[in-house]
Number of protein chains: 2
Amino acid sequence: MSHLQQSFTVRFAYNVFFTEKLFDTANPLLADFFVQQASETRKKILVVIDSGVTETHPDLLTTINTYFAQHTDVVELVPDLLVIPGGEVAKNNPAFVEQIVDAVDRYGIDRHSYVVAIGGGSILDMVGYAAAISHRGIRHIRIPTTVLSQNDSGIGVKNSVNYRGKKNFLGTFAPPVAVFNDSDFLLTLDDRDWRAGISEAVKVALIKDARFFEWIEANAEALAARDMATMAYLIHRCAQMHLDHIAGGDPFEMGSSRPLDFGHWSAHKLEQLTNFELRHGEAVAIGIALDSLYSQQLGWLTGVDTDRILKTLRTLGFSLYQAMLDADKSAGIVKGLAEFREHLGGQLTIMLLEGIGKGVEVHEIDTDKVRQSIATLKEQEQSAQLV
Amino acid sequence: MSHLQQSFTVRFAYNVFFTEKLFDTANPLLADFFVQQASETRKKILVVIDSGVTETHPDLLTTINTYFAQHTDVVELVPDLLVIPGGEVAKNNPAFVEQIVDAVDRYGIDRHSYVVAIGGGSILDMVGYAAAISHRGIRHIRIPTTVLSQNDSGIGVKNSVNYRGKKNFLGTFAPPVAVFNDSDFLLTLDDRDWRAGISEAVKVALIKDARFFEWIEANAEALAARDMATMAYLIHRCAQMHLDHIAGGDPFEMGSSRPLDFGHWSAHKLEQLTNFELRHGEAVAIGIALDSLYSQQLGWLTGVDTDRILKTLRTLGFSLYQAMLDADKSAGIVKGLAEFREHLGGQLTIMLLEGIGKGVEVHEIDTDKVRQSIATLKEQEQSAQLV
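Residues numbered from 1 in each chain as written. Chains lettered and ligands numbered in written order. Predicted model: local features only at pLDDT ≥ 70, side-chain atom pairs only at ≥ 80, totals over all residues. Heavy atoms only, no water.

If you check an unreviewed UniProt entry, chain A appears there as 3-dehydroquinate synthase from Spirosoma agri. Word for word, the UniProt comment on chain A under Cofactor (unreviewed entry) is "NAD(+)". (UniProt positions renumbered as here; feature names shortened; annotations may be inferred.)

Structural data, given as structure tokens:
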């Protein structure tokens, strides 16, 4: 019995640009990018925008039309700018993927044309998925508009939609061709979205970089007060660490390596249990608190360090207890362990802390200890309210 | 304005095994494969089978159950074997992708488990797509059962389904983890399916390997007479060339490189115009004849060589004219040029012949010459019927 061996490598490369006023006609960044893409023909551009962004930026559609009207020599904007509701609804309703695929068909967007997504992580995930499956992958440009998407979810290689309420059940690994982080979009975020993105930076600092955590700890008040320069540094550093993790490991997670997912197993489940009322970053902050307390129970994290983590999260403005943590005597949250395992594949793998800046993976979780951590969070919440 | 650079490579590797009686309990190949896959946990296996295969192999479901019952130490067969209609209907009806995704959800198939597809190219394309988008890619094993899928479509890195009748509109690049070519499945093919797969071998020989074409020419009668040893060589050689092309070029077709698609622009359109009554390989045989005649009109291919190509195709049993070639005064077929360009992206690129074994790409096609080639095929068909 003979066999043929197939083996090859595929190289992926893209830049994450930091800018402001990307669609200002005086800003050459985007047009220069298109010019630098080798091409025999003028490419079409399909733009999909988060309705949350057009609400806070009512001139955006006009600005984009004006911008591309000045660059018709290089690219051709599809006149129909698609505006789609942001947030989890974008990923829950399959009609939105269909709407983009339909536009790809109707406007003849080929694989070397571009699908541009402007918005929060959910819109980027959903549009990225639609682009990835159309013609086996149309070039995809991401313009993340939230802290979370600029420092984490919008700059990586994954896309996804939900399926029957199961988060990210459908998706692919498909790197974008470019990411443009425009800091101007952060100015109009509400406080919840501003804050929510910070938890991913806390996460990556806690498992990889004690000095970065100390920086966040020292700057927590400035971040909560919406200091832009402080936020710019946080996003840049967090994005760099996120990109390094992807490139340095197993970018398409084909082996047993895992994403940087400290605090995430319970966060995914909490989002679902609260019907996505809780935002991803808010849920991650609770997940970080929970798994820090769990690490402390194992004797891996000192009480002092655990307190520093929880205090930093609270200074940033996060609530660290949510009533759904106690749903079904916490069977609700605990079910998240099995779903997390199933989604990642292989055996259960959960990141915990051996210290600040030092993540470690375990393959078993004691649900009694999880309940104890929840009880501690509840107790702290109640005593904080009594003060 | 600063930027971060992201860059990484991803390695893909898989074997294409040649065997017979894969699910015979005496054949260790498949079980050995599973054993060799490093794994902490016993993996689930979801099997999807082409109904055309279960019709010609009524014992197959029992055989598969018996086989996996002997290997429960390594893998766990999902008891619900999914039987799905083969052929283009599998790719046209989105309910089948949904059915597989639903099974992935229901049976808790994680990313390190396996989705196995058994059948012709359409089933493999559709199941491969469902596996690729579930959990961002479940390990996928292909067991192609036709000549076409064993030497070409089933061993590569693409999957797809149709969208509103547009062939392969949705899909991804996602290499399988293994391919098992079981020659026993070829014994029960009807003559049309046996023959149809040969045209891809003719195609690759014509554009890359004059000696392989001479071998096909010399063995055309034996192939038409269903000589198994001759077919085994053809499949092995064609598969090798197909794998080499993928690995040596641009596997995910991200640049301007194209698949080995001589004779394919008209073939795709002909399949659609005949409502997929014409099988892919049958349409490709006509497409090869058409583009050979076109190459002759350009003076690139001698009349003698053009005749050798057409004669070989006829000896293999192919009809080289189909009434839909003349649909709408051939506007129907010619529309295939634009659709072909759009699907591949970038400018129009069509492979022609500068000689047997020597393909060359052009970026313009003269529709009058296409009509002349069609007229020649029609004339030859009519005079053959008069004889």
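Draft legend 1. Structural detail: the overall build of chain A. If you tally the helices and strands in chain A, you get 17 helices and eleven strands. In terms of overall size, chain A behaves like a compact globule, its C-alpha atoms giving a radius of gyration of 21 Å where 387 residues would be expected to give roughly 21 Å. A principal-axis box enclosing the C-alpha atoms of chain A has dimensions of 65 × 60 × 35 Å. In chain A, which comprises 387 residues, the proportion classed as buried is 60%. Residue pairs at least 24 apart in sequence account for 76% of intrachain contacts in chain A once pairs closer than 6 positions are excluded. Here chain A has roughly 14400 Å² of accessible surface; of this, 50% comes from carbon and sulfur atoms. (Helix = DSSP H or I, 4+ residues; strand = E, 2+ residues; numbered from the N terminus. Rg over C-alpha atoms; globule rule 2.2 N^0.38 Å. Buried < 20%, exposed > 50% of the residue type's maximum accessible area, 1.4 Å probe, protein only. Contact = heavy atoms within 4.5 Å. Areas by Shrake-Rupley, 256 points an atom, 1.4 Å probe, with all protein chains shown as cover.)

Draft legend 2. Quick peek at the relation of the copies chain B and chain A. Overlaying chain B with chain A gives an RMSD of 0.0 Å, the required rotation being 180 degrees about an axis along which the chain moves by 0.0 Å. Both copies are brought into coincidence by an operation consistent with a two-fold rotation axis. Residue Val 10 of chain B of chain B places its C-alpha closer to the rotation axis than any other residue of that unit, at 2.7 Å. Comparing interface residues between copies, 100% of those in chain B also sit at the interface in chain A, which points to an isologous, same-surface contact. (Least-squares fit on C-alpha atoms with pLDDT ≥ 70 in both.)

Draft legend 3. A look at the interface of chain B and chain A. Taken residue by residue, the interface counts 74 residues in chain B and 74 residues in chain A. Between chain B and chain A, a total of about 7000 Å² is buried, with carbon and sulfur atoms accounting for 54% of that surface. The largest share of the area that chain B buries against chain A comes from Leu 4, Gln 6 and Arg 136 of chain B, three residues that together contribute 14% of it. For the pair chain B and chain A, the number of links is ten salt bridges. Where chain B packs against chain A, one counts 31 residue pairs in polar contact (both at pLDDT 80 or more). If you list the elements that add at least two residues to the side of chain B that touches chain A, you get strand E1 (3-19), helix H5 (94-106), helix H6 (121-133), strand E7 (158-163), strand E8 (166-173), helix H12 (228-248) and helix H16 (331-344) of chain B. Take the side of chain B that touches chain A: its biggest share by element is 17 residues, from E1 of chain B. Sheet topology places strand E1 (residues 3-19) of chain A next to E1 of chain B; 15 bridges connect them, and they run antiparallel. Bridged to His 3 of chain A within E1 of chain B is Phe 17 of chain B. (Buried area = accessible area lost by both parts, 1.4 Å probe. Salt bridge = Lys/Arg side-chain N within 4 Å of Asp/Glu carboxyl O. Polar contact = N/O pair within 3.5 Å; in protein donor to acceptor, adjacent residues only side chain to side chain. Pairing = 2+ DSSP bridges.)

Draft legend 4. Focus on the domain arrangement of chain A. All names here are of chain A. According to the domain assignment, chain A contains domain 1 (15-187) and domain 2 (191-246 + 257-386). Taken together, the contacts link 21 residues of domain 1 with 26 residues of domain 2. Taken over both partners, the interface formed by domain 1 and domain 2 buries close to 2000 Å², and the fraction arising from carbon and sulfur atoms is 71%. Remark: the boundary between domain 1 and domain 2 carries two salt bridges. With a closest N to O distance of 3.4 Å, Lys 203 and Asp 152 form a salt bridge. Only E1, helix H4 (88-92), helix H7 (147-153), strand E7 (158-163), strand E8 (166-173) and helix H8 (184-187) provide two or more residues apiece to the side of domain 1 that touches domain 2. Tallying contributions element by element places H7 first for the side of domain 1 that touches domain 2, with five residues. (Domains from an automatic or database assignment.)

Draft legend 5. Expanded view of the pairing of strand E9 (residues 178-182) of chain B. All names here are of chain B. Burial analysis of E9 places five of its five residues in the buried class, which makes it a mostly covered element. Of the two faces of E9, the one lined by Ala 178, Phe 180 and Asp 182 and the one lined by Val 179 and Asn 181 are each fully buried. Bridge count between E1 and E9: five bridges; the pairing is parallel. Directly across from Phe 17, in E9, lies its bridge partner Phe 180.

Draft legend 6. Just the pattern of salt bridges, in detail. Counted by the stated rule, this structure contains 54 salt bridges over all chains. A salt bridge links Arg 111 of chain A to Glu 253 of chain B, with the shortest nitrogen-to-oxygen separation between them at 3.1 Å. Of the two residues, Arg 111 of chain A is situated in the loop between helix H5 (94-106) and strand E5 (114-119) and Glu 253 of chain B in the loop between H12 and helix H13 (264-273); the pairing between them involves two chains. By the burial criterion, Arg 111 of chain A is buried, and Glu 253 of chain B matches it.

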